[in-house]
Amino acid sequence: MRHGEIVALVGESGSGKSTIGTTLMRLFPPETKVRITGRALFHGPDLPTCDLLELRERDMRRIRGNSIAMIFQEPLSSLNPIFTVGSQIVEALRSHQSMSRKQALAEAKELLSLLGFPNPGKALASYPHQISGGMRQRVMIAMALSCDPSLLIADEPTTALDVTIQAQIMELLLRLQRRTGMAILFITHDLNLVAQIADRVVVVYAGQVVEVARTEEIFARPLMPYTRALMQAVPDLGCSSLPDYRLEPIPGQAPEPVALPAGCAFHPRCSHSVPSICADRPPDLESLPHHQVRCARWRDLQPGRAK
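Residues numbered from 1 in each chain as written. Predicted model: local features only at pLDDT ≥ 70, side-chain atom pairs only at ≥ 80, totals over all residues. Heavy atoms only, no water.

What follows is about the packing of helix H7 (residues 133-145) against helix H8 (residues 163-180). Interhelical geometry of H7 versus H8 gives an angle of 15° and a closest axis separation of 10 Å. Regarding the angle of H7 to H8, the classification is roughly parallel. Between H7 and H8 the crossing geometry is right-handed. For the pair formed by H7 and H8, the contact residues are Gly-134, Gln-137, Arg-138, Ile-141 and Leu-145 on the first element and Ile-165, Gln-168, Ile-169, Leu-172, Leu-173 and Leu-176 on the second. For the contact of H7 with H8, a count of residues per class yields 7 nonpolar, 3 polar and 1 charged. (Axes fitted to C-alpha atoms, helices over the stretch in contact; angles between N-to-C directions. Helix = DSSP H or I, 4+ residues; strand = E, 2+ residues; numbered from the N terminus. Parallel < 35°, antiparallel > 145°, perpendicular 65-115°, else oblique. Left-handed = near helix turned anticlockwise from the far one by under 90°. Contact = heavy atoms within 4.5 Å. Nonpolar A, V, L, I, M, F, W, Y, C, P; charged D, E, K, R; others polar.)

For the rest of this paragraph, the subject is the sheet that holds strand S5 (residues 151-155). Ordered by their spatial adjacency, 8 strands build an open sheet running S4-S5-S6-S1-S7-S8-S10-S9, and the pairing between neighbours is mixed. A single partner strand is all that each edge strand has here, and the edge strands are strand S4 (68-71) and strand S9 (286-288). Across the sheet, the mean angle from the axis of one strand to that of its neighbour is 20°, orientation sign disregarded. Inspection of the sheet shows S4 paired to S5 by 4 bridges, in the parallel sense. Its bridge partner being in S5, Ile-68 is matched across the sheet by Leu-151. Where H7 meets the sheet, its contacts fall on S4 and S5, and the angle it forms with S4 comes to roughly 175°. Against the sheet, H8 makes contact with strand S1 (6-10), S4, S5 and strand S6 (183-188), and its axis sits at roughly 155° relative to S6, the strand it touches most. (Pairing = 2+ DSSP bridges.)

The next point concerns the side chain of Gln-137. Residue position: Gln-137 is located in helix H7. Among the residues examined, Gln-137 registers a relative accessible area of 1% and is labelled buried. If we ignore the near neighbours within four places in the chain, the residues touching Gln-137 are Ile-71, Phe-72, Gln-73, Pro-75, Pro-157, Thr-158, Leu-161 and Ile-169. (Buried < 20%, exposed > 50% of the residue type's maximum accessible area, 1.4 Å probe, protein only.)

In structure tokens, the structure reads:
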């Protein structure tokens, strides 16, 4: 990811989107039976390039919440119910910034005011259950942005909110992103939102990246059948009243991570699957100019070619 870039990570529930965000933050508890391999290279403004997966926990603590921050899906379960909103934002500030409690409290009040709280002082003195869902999500954003991170991981931050509040939260995030220049990894299944905000899209299926391209390219010319299937499953409100309009759901279920099918992980659900090709061996992620795709048959599926 580049400085100031918004990358959308999309896929069905269970495809591995949130796992990627949690892995980058190194938030898996030690007892979790997860094997993490590969590299996650990060270069912050005041940091040499480092592999997040190899850092000692002490060094990771300096990066987590400071250079890389995360907004979680459900703020009520992410905020501590026995501490006030103010004490939790102050803790985040004092953990990474050289601030007195008084300075941190003033900064927290300013953050909440910036995020649209009509009475920030009252909100700081409140417990999480005493404020609305939209306000709790704003608190999570305040905590994530309090230390001016270089990278913000936003894990479906508007999923549990109504449409009006979703729009307000997204407007706030984008305004702050333009002001600070941070990069955002936006984890979502909302393709309409992706089309509006993302510079680049990464499509994930069964724990693997299956397609990567700039947003306009992937919506105009998706190469992976799974990406096309995701787009066809999105309701079209302009056509929903037509008598012959039907959604095109993706058949079947996503495979369990411990029981992946042979060959392409998507081939049992793919209408273009050819067993002798697709079930033979897993396809590689092929790099093209401005595009990456993981499909053995993508060339055959282009317009004008035999299906």
